[in-house]
Amino acid sequence: MSENIRTPQAGLKPVASGRTLSPERMARFQEMVEEYPNKRSTLMMVIRLVEEEFESVTDEAMALAAHLCEVPVAHVQGMVTFYTHFKRPFHGKHRFMVCATLMCALDGNTDAALKSIKDKLGIGAGEITADGLFSCEKVECLADCDRPPVVQKDFEHFCNMKGAPFNQYIDGLVAKEGKALSDYQGKVAAKMDTRVSTLPVHYTFPGETSEGARHFDDKDPYWKPGQGELTTAIPRPLHTPFSSPVADSGLKPQKSK
Ligand code: FES
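Residues numbered from 1 in each chain as written. Predicted model: local features only at pLDDT ≥ 70, side-chain atom pairs only at ≥ 80, totals over all residues. Heavy atoms only, no water.

Draft legend 1. Spatial organisation of helix H6 (residues 109-121). For H6, with 13 residues, the first-to-last C-alpha span of 18 Å sits near the 18 Å given by 1.5 Å per residue. For H6, the full list of buried residues reads Asn109, Thr110, Ala113, Leu114, Ser116, Ile117, Lys120 and Leu121. End-on view of H6: buried residues confined to an arc of 150°, all on one side of the axis. Counted as exposed and oriented over 90 degrees from the buried face of H6: Asp111 and Lys115. (Helix = DSSP H or I, 4+ residues; strand = E, 2+ residues; numbered from the N terminus. Expected span 1.5 Å × (residues − 1). Buried < 20%, exposed > 50% of the residue type's maximum accessible area, 1.4 Å probe, protein only. Arc of directions from axis to C-beta.)

Draft legend 2. Quick look at unusual backbone geometry. A cis amide bond links Pro148 with the next residue in sequence, Pro149, at an omega value of -10°. Relative to the helices and strands, Pro149 is located in the loop between strand S3 (134-139) and strand S4 (151-153). We note that Glu70 has phi near 60°; this positive angle belongs to a residue other than glycine. Mapped onto the elements of the fold, Glu70 is located in the loop between helix H3 (59-69) and helix H4 (73-82). Since its relative accessible area comes to 29%, Glu70 is described here as partly exposed. You will see that Ala143, though not glycine, has its phi angle at about 70°, which is positive.

Draft legend 3. Seen up close, the packing of helix H2 (residues 43-54) against H3. Packing of H2 against H3 brings their axes to within 9 Å, and their N-to-C directions diverge by 140°. Considering their axes alone, H2 and H3 lie oblique with respect to each other. Seen from above, H2 lies across H3 with right-handed handedness. Across the interface between the two elements, Leu43, Val46, Ile47, Val50 and Phe54 from H2 touch Glu60, Ala61, Leu64, Ala65, Leu68 and Cys69 from H3. (Axes fitted to C-alpha atoms, helices over the stretch in contact; angles between N-to-C directions. Parallel < 35°, antiparallel > 145°, perpendicular 65-115°, else oblique. Left-handed = near helix turned anticlockwise from the far one by under 90°. Contact = heavy atoms within 4.5 Å.)

Draft legend 4. Local environment of the packing of aromatic side chains. Under the defined criterion, the tally for this structure stands at five aromatic pairs. Ring geometry for Tyr83 against Phe86: centres 6.4 Å apart, planes inclined by 90°, an arrangement best described as edge-to-face. Taken together, a centroid distance of 5.5 Å and an interplanar angle of 90° make the contact between Phe134 and Tyr184 edge-to-face. Of the two residues, Phe134 is situated in strand S3 and Tyr184 in the loop between helix H7 (163-176) and strand S6 (190-191); the sequence distance between them amounts to 50 residues. Taken as a pair, Phe134 and Tyr184 share a single burial class, namely buried. Ring pairing ties together the aromatic residues Phe82, Tyr83 and Phe86, which thus form one cluster. In this structure, Arg19 is placed above the aromatic ring of Phe54, and the distance from its NZ or CZ to the ring centre is 4.1 Å. (Phe/Tyr/Trp six-rings, centres within 6.5 Å; stacked < 30°, edge-to-face > 60°. Lys NZ or Arg CZ within 6 Å of the ring centre and 35° of its normal.)

Draft legend 5. Quick peek at the pairing of S3. Of all six residues in S3, five are buried, a share of seventy percent or more. When strand S1 (residues 94-99) meets S3, the two strands line up parallel, connected through six bridges. When the sheet's bridge partners are listed, Cys99 is paired in S3 with Val139. Sheet topology places strand S2 (residues 127-128) next to S3; two bridges connect them, and they run antiparallel. In the strand pairing of S3, Ile128 is matched with Ser135. Hairpin connection, S2 to S3: the antiparallel pair is bridged by five residues, and Gly132 has positive phi, about 75°. (Pairing = 2+ DSSP bridges.)

Draft legend 6. Examining the sheet that holds strand S5 (residues 156-158) more closely. Pairing is mixed in the open sheet, where six strands are placed in the order S5-S4-S1-S3-S2-S6. Each edge of the sheet is formed by a strand with only one pairing partner; in this case those strands are S5 and S6. Here H6 sits on the sheet in contact with S1, S2, S3 and S4, set at roughly 155° to S1. Where H7 meets the sheet, its contacts fall on S1, S3, S4 and S5, and the angle it forms with S1 comes to roughly 165°.

Draft legend 7. Summary view of the state of the cysteines. Going through the model one piece at a time under the given rule, you end up with zero disulfides. Unpaired in this structure, Cys159 has its nearest cysteine sulfur neighbour in Cys104, at a distance of 8.4 Å. (Disulfide = S-S within 2.5 Å.)

Listed below in structure tokens is the structure:
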């Protein structure tokens, strides 16, 4: 299978800056390669490695992950934008993730957690404080449904997180950052732009029809080097559960010929 994988990055420098994983992380990557059936299967874990290396999953980090795992960058972008746990450049230094799935949302529990964040930090779901220190998102089930509301702050996991305990936690966090609540309360928050900055808008897979249906063949699921067309045009604003759309840049996606 792996020998059939084609990548448009083949033979190219993976990242323009030449940046790669630290020797320690590269050794962990090699261990994964030994353990998993092929490089492509390591992608989820490799995204975690580049997230550590770059401190968030930047475009450069995604390009490096694609290179290491021998998959197109679009494949990495798909995984990174599907899973909400990966830290992206638009997130705050501290990310509040509030479960908004039904069991937490019942009885106003999700709203109670969001209210604490709004009251203390002045940000709602999909927003970030002006200094970039704190951001807030609604996320799907965090797997502790019987103890709502469930909240994660970066890699910390909290159950029954509302009211006084949550307020005290936020107070402590703000103090630890050397800030005061007055720095945030009543201030205008910024919307997070959750889009990836570069999206290939069209691929020409073997067997693609004029209607745009794509043909995936297990023997060769990826296009060969030189196939397909990429664009660096900024994509249109997207509506996501996590943010309101940002202003349209006016740039139109490039049409394929
Ligand atoms: S519904 Fe919130 S943790 Fe499952």
